[in-house]
Amino acid sequence: MTGPVPELAERATACAERLLAAERVLLTSHIDADGLTSAAVAASALERAGIPFEVVFEKQLDEEAVAQIAATDYETVWFTDFGSGQLDSIREHEDAGAFTPVIADHHQPADADTEFHCNPLLEGIDGASELSGAGTAFVVARAMADLAGASGEGGPAETATDGDAKTVTDGGATAATTARPDNRDLAALAIVGAVGDMQASGGELHGANAEIVEEGVAAGVLETGTDLAVYGTQTRPLPKLLEYATDVYIPGISNDQNGALRFLDGLDLDLKRDGDWRRWADLEADEKQTVASALVRRAVSSGVPASKIDGLVGTSYRLAAESVGTELRDASEFSTLLNATARYDRADVGLAVCLGDRDGALERARTLLRSHRRNLSEGIDLVTTEGVTREDHLQWFHAGDRIRETIVGIVAGMALGNEGVDRDRPILAFAEKGDEPDAVKVSGRGSHALVRRGLDLSVVLGEAARAVGGDGGGHDVAAGATVPAGEEPAFLELADELVGEQLSG
């Protein structure tokens, strides 16, 4: 194998051999940005190899979902961005002869194992910060290309979401690029997945993710550079860009519409075109330098710590084939667009965008994105207005049915550091599960600084949930769980104790 992440070469090759030997494959993946890009990478690899497949997305891979998968007549099932943590259930059906699983995941594995299992954690690579689900799928896709020797001539791929409403996608060229027989062009989607999975700690990607970046740059599908580390550089008008940039809070600019306008008006630059504010992506290099330098001076004069000011600059990851000024150009904005599709039961739309649909699917995704942004804004307002409850070591809020369970974790993460929400302790968010009235969704978010101190939310949520009859898992910086309704107090008590033990170690 000549692809990236040589530590996974043997596992990736085994998975690739099994997939290439399959007559057809059921591909199943998660509904977040990493899950969608994982599915798109895998779907592209299968189609290029000429292997018929169907795609099914699951909000949660629980025992019921695994049983439904086992009830299909597929002999080979490829799990991407989940499966490792559900190996106990998967192995039961594998042992019964229902299907052969192939797993490309980066979450904490269960005690059971299976023959075709590619996971960075099994080789000492951090799945929370060094390789995403999409990255793991990419490593398998590269192995498939190595074994096949050339891309396949497969026909259209049949896809489905949540087992319903099948649609047909053309597949082929991914993200408006020309398909390569070595699958290296799929690195662009793998990096969108990694960025969407919060793996760019300290402003850039590390470890195996960095190896995939190198592959993407060499393939001509990715561009990187030092840039303003603020969300929305491609699409937001400059005043909104600065007003909403709160990761590094600058008094008089952050969360201050008039302050952001006054700051920009005070610069000796032509920042408007035909009466409209330009976007950061529209600026020339010297103009960007002028704005960035002025921001740093304002931050220093406002008493922002130097360690925080460093966070104003980071590495940007841009998709070379996408148009400047669109959501698809920047990996962070692309991932947000994807979250706005699958988290609202339209994974088919997000997958189609990943596979190159720049017409109907992209417009539908943009419509969903506008609604997603409104929902996030309303959710953050709710948390800010009602506040959080602090325990000894963590903080939490219960949204009930007022925040959709599929986005409550995003809201929690965005609320960290806002007024009344402490950035120095993890936050847990509860929301009702609409399809399970007797269960409650829990989402946990922390920071990479807390992780460096010992925080592992995957362990916290997993152990606390199982203690009250639920289950959970995920990553050290972000995790999720489902617990029986009414068990929140007992769950919180144990979770708070576990966080305390981790952070005092």
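Residues numbered from 1 in each chain as written. Predicted model: local features only at pLDDT ≥ 70, side-chain atom pairs only at ≥ 80, totals over all residues. Heavy atoms only, no water.

Caption draft 1: Main features of a negative patch on the surface. A surface patch of negative charge is lined by E63, D88, E92 and D111. Using a relative accessible area of 64% as the deciding quantity, one classes E63 as exposed. (Patch = residues over 30% accessible without salt bridge, like charges linked within 9 Å, V, L, I, M, F, W, Y side chains within 5 Å. Areas by Shrake-Rupley, 256 points an atom, 1.4 Å probe, with all protein chains shown as cover. Salt bridge = Lys/Arg side-chain N within 4 Å of Asp/Glu carboxyl O. Lys, Arg positive; Asp, Glu negative; His and termini not counted. Charge placed at Lys NZ, Arg CZ, Asp CG, Glu CD. Buried < 20%, exposed > 50% of the residue type's maximum accessible area, 1.4 Å probe, protein only.)

Caption draft 2: Representation of the sheet that holds strand β16 (residues 471-474) within the structure. Across the sheet, which stays open at both edges, the six strands sit in the order β12-β13-β14-β15-β17-β16 with mixed pairing between neighbours. Either end of the sheet is taken by a strand with one partner, and the two such strands are β12 (389-390) and β16. Here strand β13 (residues 395-398) pairs with strand β14 (residues 427-433) via four bridges, running parallel. The residue of β14 that forms the bridge with F397 is A429. (Pairing = 2+ DSSP bridges. Helix = DSSP H or I, 4+ residues; strand = E, 2+ residues; numbered from the N terminus.)

Caption draft 3: Spatial organisation of the pattern of salt bridges. According to the stated counting rule, one finds 25 salt bridges in the structure shown. R91 is paired through a salt bridge with D95; the nearest N and O atoms lie 3.0 Å apart. Placement of the pair is R91 and D95 together in helix α4 (residues 87-95), with a separation of four residues, close to one helical turn. We classify D95 as exposed; its relative accessible area is 54%. Close ionic contact of R358 with E322 constitutes a salt bridge, the shortest N to O distance being 2.9 Å. Here R358 is found in the loop between α13 (347-354) and α14 (360-386), whereas its partner E322 is found in the loop between β11 (313-319) and α12 (331-342), with 36 residues between them in sequence. Taken together, the salt bridges that share partners define one network made up of K59, E405, K433 and E436.

Caption draft 4: How the structure looks around the state of the cysteines. Applying the stated criterion across every chain, the model contains zero disulfides. In this structure C15 is a free cysteine whose sulfur lies 5.4 Å from that of C118, the closest cysteine sulfur available. (Disulfide = S-S within 2.5 Å.)

Caption draft 5: Up close: unusual backbone geometry. Not every positive phi belongs to a glycine, and D81 is a case in point at roughly 65°. Here D81 shows up in the loop between β3 (76-80) and α4. With phi around 60°, M198 is a residue other than glycine that occupies positive phi space. Relative to the helices and strands, M198 resides in the loop between α6 (187-196) and α7 (207-219).

Caption draft 6: The nonpolar core, seen in detail. Ranked by internal contacts, the top residues of the largest apolar core, which has 95 residues, are W78, V140, M144, F334 and F397. What W78 contacts, discounting residues up to four positions off in sequence, is L19, V25, L26, L27, T28, A42, L46, V102, A104, V140 and M144. (Core = buried A, V, L, I, M, F, W, Y, C linked by side-chain atoms within 4.5 Å. Contact = heavy atoms within 4.5 Å.)

Caption draft 7: Up close: the environment of K441. Mapped onto the elements of the fold, K441 is located in strand β15 (residues 436-445). According to the relative accessible area criterion, K441 is buried, its value standing at 19%. C-alpha separation for the pair K441 and R404, spaced 37 residues apart in sequence, amounts to 9.9 Å. Residues in contact with K441, not counting those within four places in the same chain, are E405, A429, F430, A431, K433 and A481.

Caption draft 8: Here's a closer look at the confidence of the model for the protein. Overall, the prediction assigns the protein a mean pLDDT of 91, with 94% of residues at 70 or greater. The low-confidence segment residues 150-177 (pLDDT under 50) makes 81 contacts with residues lying over four places distant or belonging to another chain. (pLDDT = per-residue confidence, 0-100.)

Caption draft 9: Local environment of the packing of aromatic side chains. By the definition in use, this model includes three aromatic pairs. Centroid distance F79 to F99: 6.1 Å. Interplanar angle 50°. Geometry classified as tilted. Of this pair, F79 sits in strand β3 while F99 sits in the loop between α4 and β4 (100-104), placing them 20 residues apart in sequence. The burial state of F79 is the same as that of F99; both residues are buried. Taken together, the ring pairs connect W396, F430 and F491 into an aromatic cluster. Note that R24 overlies the ring of Y74, its terminal NZ or CZ placed 4.1 Å from the centroid. (Phe/Tyr/Trp six-rings, centres within 6.5 Å; stacked < 30°, edge-to-face > 60°. Lys NZ or Arg CZ within 6 Å of the ring centre and 35° of its normal.)

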